[in-house]
Amino acid sequence: MPALRLCGRKWLAATDDLVYPGLFELFIRIVWLILIGIACIKYYENTWNCQLGGELVRAYLLGEAVMLGIVTLLVLVIIRHSAKGAIMDTHARRYVEPLLMIKISMLLPEIGWNILGTMWIFGQSVECNHEQYSITVVEALVFFDWILIGLSIFGLALVFDPIGSLDKKQLESSVEHGKVSRIWLRRFKFLWWMRKDESANETFQHVAGLLTALFRGTDLVPSDVMAGCILLRVRQKRETHELRRLNLISRPKYTSDSSVIFSNTPSWMSLEAAHYFLQLSIASYGWLFVIYQHLCTGCFRLIRGMTCCACFRRKRNVILDDNCCLCYLSGVKYLSKLSEEDILFASFKNHLCEIPFCVIADHKTASIAVVIRGSLSLRDLITDIAAASDSFECPGVPPGSTAHKGMIIGVKVILKQLEQYKVLERAFATYPNYHLTITGHSLGAGLAILLGLLIRPRYPDLRVYAFATPAGLLSREAARITEEFVLTIGLGDDLVMRLSVESIENLRTSLLTTLRACRLPKYRVVLNGFGYALFGVPERDLSKTWKNYNIINTVPAHSPLLVKSVNADSKIIERDITKRRYSKVKLFNAGRILHIARCKLEKTEGKSKKQLTKERKYEMRWAQAEEFAKLSVMPRMLLDHLPENIERALATLLEQQNDIPYYFDP
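Predicted model, so just to flag it, every value in this text is computed and none were measured.

1. Brief notes about the overall build of the protein
Point 1. Scanning the protein from N- to C-terminus turns up 24 helices and 14 strands.
Point 2. Expressed as a percentage of the 666 residues in the protein, the buried residues total 53%.
Point 3. Restricting to contacts in the protein with at least 6 residues of sequence separation, those with at least 24 account for 76%.
Point 4. Here the protein has roughly 31800 Å² of accessible surface; of this, 60% comes from carbon and sulfur atoms.

Shown next, in the form of structure tokens:
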């Protein structure tokens, strides 16, 4: 950071990104230089006895050795300069860009010499009594040199930024904002096959506008984001330790006793019911989840539930967009342990803002369950990213309420299908004494809550079980309404439960200030990150990573800053980026939120660390939506979102109701 500037444009790489790629290339070049040197020593004299093409062979051997030596030296110099200075200290790396231009220009002579080598090995231009070692070395060298040239060209294409020629000052105008948005729009349409989807253009435009607003003018490259996340983890741990030392924060109170937690809740809110409906939510992922869980034996588990040539057979119930063997339905049946007769309706259509779901007659809980699948495809990811707030009006919701735009479109599609096929009317005609339950995980959880709000006037006793619900779902007053009929469950440091437009904007600002405060070069930060992943963050790194820092910030709703002072230009950029907000309305998580956290047993005599690790269990507490407004970088933030980990936590809580005391492990 800032981005590399070559040929009058900026690229998606920085001057300090060349250390590890350079070390990889340096190793290859040195090996090749040694091999070609041995070939020259052993074979050069024999080239004078060639009947034809001896000059070509000598030119290739000497030229290749000289070129390898020059490029090796050049790569070594680039690595040395790229490793200089902290992440924001671009002056220390001022020679990287001209050196890199020389390195890129060396591709042309390399291609020329490789053509000579190709003519020697695979053509008829040379007639010599070849020495076997040299021929093998040259064949390998020519082959891998073409690969390296191809990788170099691919790398340039990979870091090419189509908006790199735009000037940063021009980006602040609405005209240039529109240009950048249109480029994002073309990217989506080029990369994915979603042009014919309903609402595709509208969704793409909203996503393009969001991404443009988030990242324009920041001059961040992908490696900066990775390094910034590593630094944020260290910074947040430092802040937590310091705030606890000053007694400014206290540990939340958790318990493993479900009778205490659910003492003042409706009877349908229970661990047993939540665990059961989470299993149904997992079943909605279908055959892909079966393969994911049983990589080697998944196909054999699915075969029993498949229906051969189902396209030509009459179906008992409405099944939309499954394949001819009903593989998706087979996965749902296998995971839910239900018969096909109990699956009243299933739509496996997966388009932009159109998510697969099933309607099930669940006899165990005497309910008609609408089970909505979570994110599983690129289309679902675009639906998630379409996170702008939009008006959400329905009976029982306060006027002026807003919700996640992509999910609003998605829930209207689900409601349209339910009404078109009269699914719920027919289900309750068959099972009049059953009640309505809606459940889902991740994206499916958000859709389940919105669907519950839309149809609650017709089904006032409906219940919603939502797992790992996205944070940017509903405006606060509307979210409070859902506490009456929605049980939301989240685990640990789940990323998605803290993911909203506002939290991403705050994370962007924190990334910029943290990168400016770091005194380590980027290659050291990345290397430390691998160590943190394996062994945790050592205490010594909490202080030595920063130049000058003040971890307490008095500005509410902003992350603490670590910078002692910055120049005037930096202040202008920071102020602009901090104030820039894509969405004017804050969106929150919904429902009554039960947060589950890992805990460990209090250390007692005679128990080793290994024994204590095996006894790690879970505790829970009721949380407020405001607690999930800040996006923190934590080691398990992705793993805690996976449905099988939430299911394991609920199953463990059900088993440990009468265990010994626990304490919270942050």
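2. Description of the nonpolar core
Point 1. Counting residues in each nonpolar core, the largest one holds 48 residues, and the members touching the most others are I368, I372, L424, L450, L451 and L474.
Point 2. With nine residues, the single largest contributor to this core is helix α17 (residues 443–455).
Point 3. Not counting residues up to four positions away in its chain, the partners in contact with L474 are F392, T402, A403, I449, L450, L453, A479, T482, K586, L587, F588 and A590.
Point 4. Ranked by size, the runner-up nonpolar core spans 47 residues in total, among them F348, C358, L491 and A649.

3. Thoughts on the packing of aromatic side chains
Point 1. Counted under the stated rule, the structure contains 13 aromatic pairs.
Point 2. Look at F277 and Y465: their rings are 4.7 Å apart centre to centre, the planes differ by 10°, and that puts the pair in the stacked class. Residue F277 is found in helix α10 (residues 271–283), and its partner Y465 is found in strand β10 (residues 463–467); the two are separated by 188 residues along the sequence.
Point 3. You can call F277 buried: its relative accessible area is 3%.
Point 4. Overall, the relative accessible area of 2% leaves Y465 in the buried class.
Point 5. Centroid distance F345 to F357: 5.6 Å. Interplanar angle 40°. Geometry classified as tilted.

4. Topic: the side chain of T488
Point 1. Along the chain, T488 turns up in strand β11 (residues 486–491).
Point 2. In terms of polar contacts, T488 uses its side chain to reach the backbone carbonyl oxygen of A590, at 2.7 Å.
Point 3. Leaving out residues up to four positions away in the same chain, T488 has contacts with I449, A466, T469, M497, N589, A590, G591, R592, I593 and L594.

5. A word on unusual backbone geometry
Point 1. The backbone of K337 sits at a positive phi, close to 60°, despite the residue not being glycine.
Point 2. Mapped onto the elements, K337 comes out in the loop between α13 (327–336) and β4 (343–347).

6. Describing a nonpolar patch on the surface
Point 1. Judged by side-chain polarity, F143, F144, I147 and L151 come together as a nonpolar surface patch covering roughly 390 Å² of accessible area.
Point 2. Here F144 shows up in helix α5 (residues 132–158).
Point 3. Overall, F144 belongs to the partly exposed group, its relative accessible area being 42%.

7. Details of the pattern of salt bridges
Point 1. Within the structure shown, the criterion is met by 20 salt bridges.
Point 2. Among the salt bridges present, the one from E502 reaches K586, with a minimum N-O distance of 3.4 Å. Of this pair, E502 sits in helix α19 (residues 501–517) while K586 is found in the loop between α22 (568–579) and β12 (592–601), placing the two residues 84 residues apart along the sequence.
Point 3. Taking the shortest distance from any N to any O, the salt bridge between D640 and R598 comes out at 2.7 Å. Taken together, the positions of D640 in the loop between β13 (617–623) and α24 (643–655) and R598 in strand β12 put the pair 42 residues apart, joining distant regions of the chain. The exposure classification of D640 matches that of R598, with both residues buried.
Point 4. Through salt bridges with shared partners, a single ionic network connects D16, D17, R93, D224 and K522.

8. Examining the packing of helix α2 (residues 54–82) against helix α4 (residues 107–122)
Point 1. Interaxial distance between α2 and α4 falls to 10 Å at its minimum, and their mutual angle equals 145°. Crossing handedness for the pair α2 and α4: left-handed. Of α4, the residues touching α2 (which contributes L56, V57, A59, Y60, L61, G63, E64, M67 and V71) are P109, E110, W113, L116, G117, M119 and W120.
Point 2. Looking at the contact of α2 with α4, its residues break down into twelve nonpolar, two polar and two charged.

9. Quick word on the UniProt feature "transmembrane region" (unreviewed entry) in the protein
Point 1. Look at the UniProt record and you will see "transmembrane region" (unreviewed entry) annotated at residues 26–44, 56–79, 100–122, 142–160 and 276–295.
Point 2. End C-alpha to end C-alpha, residues 26–44 measures 25 Å, and it is 95% helix and 0% strand.
Point 3. Note that residues 142–160 is 89% helix and 0% strand, and that its end C-alpha atoms are spaced 27 Å apart.

10. Focus: empty space enclosed by the protein
Point 1. Inspection of the entire model under this criterion finds three cavities of 30 Å³ or more.
Point 2. Its volume calculated, the largest cavity comes out at about 50 Å³.
Point 3. Forming the boundary of the largest cavity are L415, L418, E419, L424, E425, I455, R458 and Y459.
Point 4. At three residues, helix α15 (residues 405–420) tops the list of elements feeding residues into the lining of the largest cavity.
Point 5. Counted by class, the lining of the largest cavity contains five nonpolar, no polar and three charged residues.
Point 6. The computed volume of the second largest cavity comes to approximately 40 Å³.
Point 7. In terms of lining residues, the second largest cavity is bounded by I230, L231, V234, L520, V525, N528, Y532 and T545.
Point 8. Residue assignment for the lining of the second largest cavity shows that the elements contributing at least two residues are α8 (222–245) and α20 (522–535).
Point 9. Looking at the lining of the second largest cavity, its residues break down into six nonpolar, two polar and no charged.

11. With respect to helix α1 (residues 19–43)
Side chains of residues three or four places apart in an α-helix project in the same direction, reflecting 3.6 residues per turn.
Point 1. The terminal C-alpha atoms of α1, which comprises 25 residues, lie 35 Å apart, in line with the 36 Å expected from a rise of 1.5 Å per residue.
Point 2. Considered for burial, the residues of α1 that qualify are V19, G22, E25, L26, I28, R29, W32, I36, A39, C40 and Y43.

12. With respect to helix α3 (residues 96–105)
Point 1. The set of residues buried in α3 consists of V96, L99, L100 and K103. The arc that holds every buried residue of α3, seen down its axis, measures 100°, which confines them to one face.

13. Looking at the environment of R598
Point 1. With relative accessibility at 15%, the residue R598 sits in the buried group.
Point 2. With 22 residues separating them along the chain, R598 and M620 place their C-alpha atoms 8.7 Å apart.
Point 3. Polar side-chain contacts of R598 include one of 2.7 Å to the side chain of D640.

Reading the values: rules and limits
Within every chain, residues take consecutive numbers counted from 1 along the sequence as written. Only residues with pLDDT of at least 70 get local features here, since the model is predicted, and only at 80 or more are side-chain atom pairs given and counted; chain-wide, interface and lining totals rely on the full set of residues. Hydrogens and waters are ignored; side-chain quantities use all the structure's heavy atoms. Runs of H or I in DSSP of at least four residues are treated as helices and runs of E of at least two as strands, each being numbered from the N terminus. When accessible area is computed with a 1.4 Å probe and restricted to protein chains, residues below 20% of their type maximum are described as buried, those above 50% as exposed, and intermediate ones as partly exposed. Any two residues having at least one pair of non-hydrogen atoms within 4.5 Å are treated as being in contact. Accessible areas in this description were obtained via Shrake-Rupley with a 1.4 Å probe; residue shielding takes into account the shown protein chains only. For the purposes of this section, nonpolar cores are sets of buried Ala, Val, Leu, Ile, Met, Phe, Trp, Tyr and Cys residues that join through side-chain atoms within 4.5 Å. To pair, rings of Phe, Tyr and Trp, with the six-membered ring standing in for Trp, must have centres within 6.5 Å; the planes then decide the type, stacked if under 30 degrees apart, edge-to-face if over 60, and tilted in the middle. The definition of a polar contact used here is a pair of N or O atoms within 3.5 Å, where within protein one atom must be able to donate a hydrogen and the other to accept one, and adjacent residues in sequence count solely through side-chain atom pairs. Patch rule: a residue counts if its relative accessible area is over 30% and it has no salt bridge; like charges are joined within 9 Å, and nonpolar side chains (Val, Leu, Ile, Met, Phe, Trp, Tyr) within 5 Å. Just to be clear on terms, a salt bridge is a Lys or Arg side-chain nitrogen sitting within 4 Å of an Asp or Glu carboxyl oxygen. Under this scheme, a helix contributes an axis fitted over its contacting stretch, all axes are lines through C-alpha atoms, and angles between N-to-C directions fall in the 0 to 180 degree range. The crossing is said to be left-handed when, going from far helix to near helix, the turn is anticlockwise and less than a right angle, and right-handed when the turn is clockwise. Classification convention: Asp, Glu, Lys, Arg as charged; Ala, Val, Leu, Ile, Met, Phe, Trp, Tyr, Cys, Pro as nonpolar; all other residues, Gly among them, as polar. UniProt positions are given in the numbering used here, feature names are shortened, and annotations may be inferred rather than shown by experiment. We place a 1 Å grid over just the protein atoms. Points where a 1.4 Å probe fits but has no way out form a cavity, open points with protein on both sides within 12 Å along at least 5 of 7 lines form a pocket, and any residue with an atom within 4 Å of a point lines it. Grid points are joined across faces, edges and corners, and a volume is the space filled by probe spheres set on the points. To estimate the expected span of a helix, subtract one from its residue number and multiply by 1.5 Å. What the arc describes is the spread of directions from the helix axis to the C-beta atoms.

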